[in-house]
Amino acid sequence: MINQDKTYTDMPIIRKLKQVSEVLDRYEEAMKLNTMRMNLALKAINAGVWEWDLKKDIVRWDVTLVDLLGIDRNSLDKDSLGWYISDFEKLVELVHPDDKIHTKEFIKECKENFKPNKLVFRIAGKENHKTLTAVADTHVYEGGSLIIGICVPNDSIKEH
């Protein structure tokens, strides 16, 4: 029974829920800031992002990567978050013939071993064959695993 002199906000459970809500708000703000930082870094180096759901065998590409690969945006479907849907066979089709073998080996390695991998490949069909560097890492979750990566034009990579 609630004491008539106390309001609901004085109840210990309500105070605890408010504290949890405040913590969640701080985490949400931190995530927004981290997302802004990541997007700024990706934009600064003109990097495209991709992810590959190994269980569903679905590849998602962001708009920057679609443009880097020279793919007509209208030729791909989009998911509910605005990512372009494809598969790695589509990517392999675009790879320069001299780079296809090691690109396929990279894909096989990603499927078999969940560890960071790095790949350099050229896109075929473009004048001067634009060279991209792809870097990937894996993320295992309860329902399966993702390979998450970025592709960066080599002219965006600065040697130190």
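From a predicted model like this one, the values you see are computed outputs, not experimental measurements. (Residues numbered from 1 in each chain as written. Predicted model: local features only at pLDDT ≥ 70, side-chain atom pairs only at ≥ 80, totals over all residues. Heavy atoms only, no water.)

Caption draft 1: Structural context of the layout of surface pockets. By volume, the largest pocket is sized at about 240 Å³. In this structure, the largest pocket is lined by M38, N39, L42, K43, N46, A47, V49, D62, V63, T64 and W83. The element best represented in the lining of the largest pocket is helix α1 (residues 12-44), accounting for four residues. Of the residues belonging to the lining of the largest pocket, the class tally is six nonpolar, three polar and two charged. (1 Å grid on protein atoms, 1.4 Å probe; cavity = no way out; pocket = protein on both sides within 12 Å on 5 of 7 lines; lining within 4 Å. Points joined across faces, edges and corners; volume = space filled by probe spheres on them. Helix = DSSP H or I, 4+ residues; strand = E, 2+ residues; numbered from the N terminus. Nonpolar A, V, L, I, M, F, W, Y, C, P; charged D, E, K, R; others polar.)

Caption draft 2: Seen up close, the pairing of strand β6 (residues 131-141). Taken together, the 10 bridges between β6 and strand β7 (residues 144-153) define a ladder with antiparallel strand orientation. Following the sheet pairing, A136 is matched in β7 by G149. (Pairing = 2+ DSSP bridges.)

Caption draft 3: Up close: the environment of E89. Its place among the elements puts E89 in helix α3 (residues 88-94). Here E89 falls in the exposed class, since its relative accessible area comes to 54%. Linking E89 and K104, residues 15 residues apart in sequence, is a C-alpha distance of 9.4 Å. (Buried < 20%, exposed > 50% of the residue type's maximum accessible area, 1.4 Å probe, protein only.)

Caption draft 4: Summary view of the environment of A47. As for its position among the elements, A47 is in the loop between α1 and β1 (48-53). Ignoring anything within four residues of it in the chain, the contact list for A47 reads L42, D62, T64, L68, C151 and V152. (Contact = heavy atoms within 4.5 Å.)

Caption draft 5: Summary view of helix α4 (residues 100-112). Counted at 1.5 Å a residue, the expected span for α4 with its 13 residues is 18 Å, and the 18 Å between its end C-alpha atoms agrees. Regarding α4, the residues found buried are T103, F106, I107 and C110. Seen along its axis, α4 keeps its buried residues to an arc of 95 degrees; they face one direction. Exposed residues on α4 whose side chains face more than 90 degrees from its buried face are I101, E105 and K108. (Expected span 1.5 Å × (residues − 1). Arc of directions from axis to C-beta.)

Caption draft 6: Layout of the nonpolar core. Among the nonpolar cores identified, the biggest contains 27 residues, and W50, W61, L69 and F121 are the most heavily contacted of them. For this core, the elements supplying multiple residues, two or more each, are β1, β2 (58-61), α2 (63-68), α3, α4, β5 (117-122), β6 and β7. Among the elements that line this core, the one with the most residues is α3, at four residues. Here F121 is in contact with L91, V95, D99, T103, T131, L132, A134 and C151, once residues within four sequence places are set aside. (Core = buried A, V, L, I, M, F, W, Y, C linked by side-chain atoms within 4.5 Å.)

Caption draft 7: Seen up close, the pattern of salt bridges. Counting across every chain of the model gives four salt bridges. Residues E28 and K32 are paired through a salt bridge, measuring 4.0 Å at the closest nitrogen-oxygen approach. Of the two residues, E28 and K32 both sit in helix α1, four residues apart, roughly one turn of that helix. K32 gets classed as partly exposed once you look at its relative accessible area, which sits at 46%. The salt bridge involving E51 is made with R60; its shortest N-O contact spans 3.3 Å. R60 carries the same exposure label as E51, and that label is buried. Salt bridges linked by common partners bring E51, R60 and D79 together as one network. (Salt bridge = Lys/Arg side-chain N within 4 Å of Asp/Glu carboxyl O.)

Caption draft 8: The arrangement of α1 in detail. Taking 1.5 Å of rise per residue, the 33 residues of α1 would be expected to cover 48 Å, and the 48 Å separating its terminal C-alpha atoms lies within 8% of that figure. Backbone geometry just after α1 places N46 at a positive phi near 55 degrees.

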